[in-house]
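Coordinate analysis (summary)
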Amino acid sequence: MNGTSFQSDIRYWLRQGNTVNHLLFWNIIVFLGINIIHLIAFLTKQPGPFIWTYDQLAIHAPLSAFILKPWGLITYMFTHEQIFHVLFNMINLYWFGNLFRDFLGNKRVLPLYLLGGIAGGLLYLLSASLFPGYMGYTMIGASAAIMCILVAAATLMPNYEIGLMFLGSVRLKWLALALVLLGLISIPNGNIGGLISHMGGALLGFFYIRILQAGTDLCKPLIWVFDASTRQEQRKADRKFKPKKSPLKVVRKTDDSSQSRLDQLLDKINEKGYNSLSAEEKAWLDKVSKEN
């Protein structure tokens, strides 16, 4: 495989419209970037650039330090330094992020990821202020954001079974509960700030689904913001390129109407999840799949 084909594979992977893929990509890019800087610092014995970069990306405690670098509340959830930290987080993001996406749609993935990370970061800052000296002064990692998505998926579909090596099929609710309990009992063993942030993400994921089931979507404002940006970019693209009208008339075949409806339903599933389809739409989709 040459460099061009590798780049083409990456572009294809990112153009699938799957937000989970984009989150994986940026987490890996930041991980590689910060470790390349770390390697250069090690070889040149000049740690300054690495320390500065880490300092800009991490979330800082206590509150007086956080105020000087408030962007850390966002950047910390895309930053990893240790290989097993990023590996474990990315595997969980791939599994549970796509599971969440299948049921609640693509548009909610990034908003909930951000909200979960913010909830974990704020709980970390609160704990650092209430219990100074018990946790570090900086924190990085996507664990809180991913724990939010995991617990949200488990709350939405608690009896959904997934296969685990050596354990067999396990219901999602028991897996989520086990991870939360392991986090709680591990607090005295170190990394208190990170484990507390995990609990913040888990709580946000649980209450998000409960509030959503009551009729309120906490992700809606962020969904609107991101959609507005997309529409603005599309309007700019339309202004830059306006194709001339063809003098030829295009006559659609009768089968095109079925294909058009199929495309619309697939787009709807991609954006809002399979459960957004009506009973009639599900029946029609099932009929078409059997015919093909």
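1. Some remarks on the overall build of the chain
Within the chain, the regular secondary structure consists of 13 helices and four strands. When burial is assessed residue by residue, the chain has 38% of its 292 residues classed as buried. Put simply, of all contacts in the chain between residues at least 6 apart along the chain, 67% involve residues at least 24 apart. In the structure as shown, the chain presents an accessible area of about 18200 Å², 65% of it carried by carbon and sulfur atoms.

2. Looking at the packing of aromatic side chains
Aromatic rings considered in pairs are described by the distance between their centres and by the relative angle of their planes. Across all of its chains, the model carries six aromatic pairs by this definition. Pairing Trp 95 with Phe 96 gives two aromatic rings, centres 6.5 Å apart and planes at 85°, and the pair type is edge-to-face. Note on Trp 95: relative accessible area 46%, which makes it partly exposed. Where Phe 103 meets Tyr 160, the ring centres are 6.0 Å apart and the plane angle is 85°; that geometry is what we call edge-to-face. Of this pair, Phe 103 sits in helix H6 (residues 83-104) while Tyr 160 is found in the loop between helix H8 (143-156) and strand S3 (161-164), placing the two residues 57 residues apart along the sequence. The class for Tyr 160 is partly exposed, based on a relative accessible area of 35%.

3. Structural notes on the confidence of the model for the chain
On average, residues of the chain score 82 in pLDDT, and 80% of them reach the 70 mark or higher. Highest mean pLDDT in the chain belongs to helix H5 (residues 72-75) (96); lowest belongs to helix H1 (residues 3-14) (66). Here residues 244-254 is modelled with pLDDT under 50, and outside its nearest four sequence neighbours on either side it reaches zero contacts, counting other chains as well.

4. Digging into the environment of Gly 168
On the secondary structure map, Gly 168 appears in strand S4 (residues 168-171). Beyond its immediate chain neighbours, meaning those up to four positions away, Gly 168 contacts Ile 162 and Gly 163.

5. Here we look at the nonpolar core
If you look at the biggest cluster of nonpolar residues, it comprises 39 residues, and the most contacted ones within it are Ile 59, Leu 93, Phe 100, Leu 112, Tyr 113, Tyr 124 and Tyr 208. Put simply, the parts of the chain that give this core at least two residues each are helix H2 (19-44), H6, helix H7 (109-130), H8 and helix H10 (192-213). Counting residues per element, this core draws most heavily on H7, at seven residues. Once you skip the residues sitting within four places of it in the chain, Leu 93 turns out to touch Val 20, Leu 23, Leu 24, Asn 98, Tyr 113, Ile 146 and Ile 149. Ranked by size, the runner-up nonpolar core spans 17 residues in total, among them Leu 164, Leu 175, Val 180 and Ala 202.

6. With respect to unusual backbone geometry
For the bond from Ala 61 to Pro 62, the omega torsion is 5°, close enough to zero to count as cis. Take Pro 62: it is sitting in the loop between strand S1 (59-60) and helix H4 (63-66). One non-glycine residue, Lys 45, lies in positive phi territory at about 55°. Looking at where Lys 45 falls in the secondary structure, it is placed in the loop between H2 and helix H3 (48-57).

7. Observations concerning H6
Under the 1.5 Å per step criterion, the end-to-end length of H6 is 30 Å for 22 residues, consistent within 8% with the ideal 32 Å. For H6, every residue scored as buried is listed here: Val 86, Asn 89, Met 90, Asn 92, Leu 93, Phe 96, Gly 97, Asn 98, Leu 99, Phe 100, Arg 101 and Leu 104.

Rules used in this analysis
- Residues numbered from 1 in each chain as written.
- Predicted model: local features only at pLDDT ≥ 70, side-chain atom pairs only at ≥ 80, totals over all residues.
- Heavy atoms only, no water.
- Helix = DSSP H or I, 4+ residues; strand = E, 2+ residues; numbered from the N terminus.
- Buried < 20%, exposed > 50% of the residue type's maximum accessible area, 1.4 Å probe, protein only.
- Contact = heavy atoms within 4.5 Å.
- Areas by Shrake-Rupley, 256 points an atom, 1.4 Å probe, with all protein chains shown as cover.
- Phe/Tyr/Trp six-rings, centres within 6.5 Å; stacked < 30°, edge-to-face > 60°.
- pLDDT = per-residue confidence, 0-100.
- Core = buried A, V, L, I, M, F, W, Y, C linked by side-chain atoms within 4.5 Å.
- Expected span 1.5 Å × (residues − 1).

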